[in-house]
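# Coordinate analysis (summary)
Listed below are the residues making up each chain.
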Amino acid sequence: MKRGGAAVAVMAVVVLTVSSARPALAIKQFQDEFKAVYVKADSSDPAEKALAAAVEGAKCNVCHKGKEKKDRNAYGEALAALLDKKEDAKNPEKIRKALQEVAAKESAAGGPTFGDLIKKGKLPGGDPQ
């Protein structure tokens, strides 16, 4: 291969590698159940409105952080300990039970629970990164 051809080949590999990097993605069913339980966009309550706006802006970063699917914030880690994406994605009852269980857990040592943060209109995993 000529020198120019090698450069083109290297560039093609770089472009394919960069374009295949994906942002963190939520499991749609998990995200839908979270919204069904906690998001009340039509509410007149300021905290509920704030949460709805925060969830809309955060999208997948309610549970994830960074650009990799495997990178989760503390809330996402707590949910991941209870849910399996393949087995539980089609089980809304189990998802809601996990959401309820995680809501009762402390968001940080000695800190408010994830549920308390949600009630205050804040994202349970903190600000998206």
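Now for a look at the structure at hand. (Residues numbered from 1 in each chain as written. Predicted model: local features only at pLDDT ≥ 70, side-chain atom pairs only at ≥ 80, totals over all residues. Heavy atoms only, no water.)

### Observations concerning the layout of surface pockets
- Quantified by volume, the second largest pocket comes out at close to 150 Å³.
- Surrounding the second largest pocket, V37, Y38, K40, A47, E48, L51, A103, G115, I118 and K119 form its lining.
- Looking at the lining of the second largest pocket, the elements that each hand over two or more residues are helix 2 (28-38), helix 3 (46-58) and helix 7 (114-119). (1 Å grid on protein atoms, 1.4 Å probe; cavity = no way out; pocket = protein on both sides within 12 Å on 5 of 7 lines; lining within 4 Å. Points joined across faces, edges and corners; volume = space filled by probe spheres on them. Helix = DSSP H or I, 4+ residues; strand = E, 2+ residues; numbered from the N terminus.)

### Concerning the pattern of salt bridges
- Under the counting rule described, the total for this entry stands at four salt bridges.
- We note a salt bridge from D32 to K28, for which the minimum N-O separation is 2.8 Å. Within this pair, D32 and its partner K28 are both found in helix 2, separated by four residues, close to a single helical turn.
- The class of K28 is exposed, set by a relative accessible area of 53%.
- One salt bridge connects K94 with D88, and the closest N-O pair in it is separated by 3.3 Å. (Salt bridge = Lys/Arg side-chain N within 4 Å of Asp/Glu carboxyl O. Buried < 20%, exposed > 50% of the residue type's maximum accessible area, 1.4 Å probe, protein only.)

### Regarding helix 6 (residues 92-103)
- Counted at 1.5 Å a residue, the expected span for helix 6 with its twelve residues is 16 Å, and the 16 Å between its end C-alpha atoms agrees.
- Those residues of helix 6 that fall on the buried side of the exposure criterion are I95, A98, L99, V102 and A103. Considered in projection along helix 6, the buried side chains sweep an arc of 135° and stay on one side of the axis. Structural note: helix 6 exposes E93, K97 and Q100 on the side pointing more than 90 degrees away from its buried face.
- Buried residues along helix 6 sit against helix 2, helix 4 (74-80), helix 5 (85-88) and helix 7. (Expected span 1.5 Å × (residues − 1). Arc of directions from axis to C-beta. Contact = heavy atoms within 4.5 Å.)

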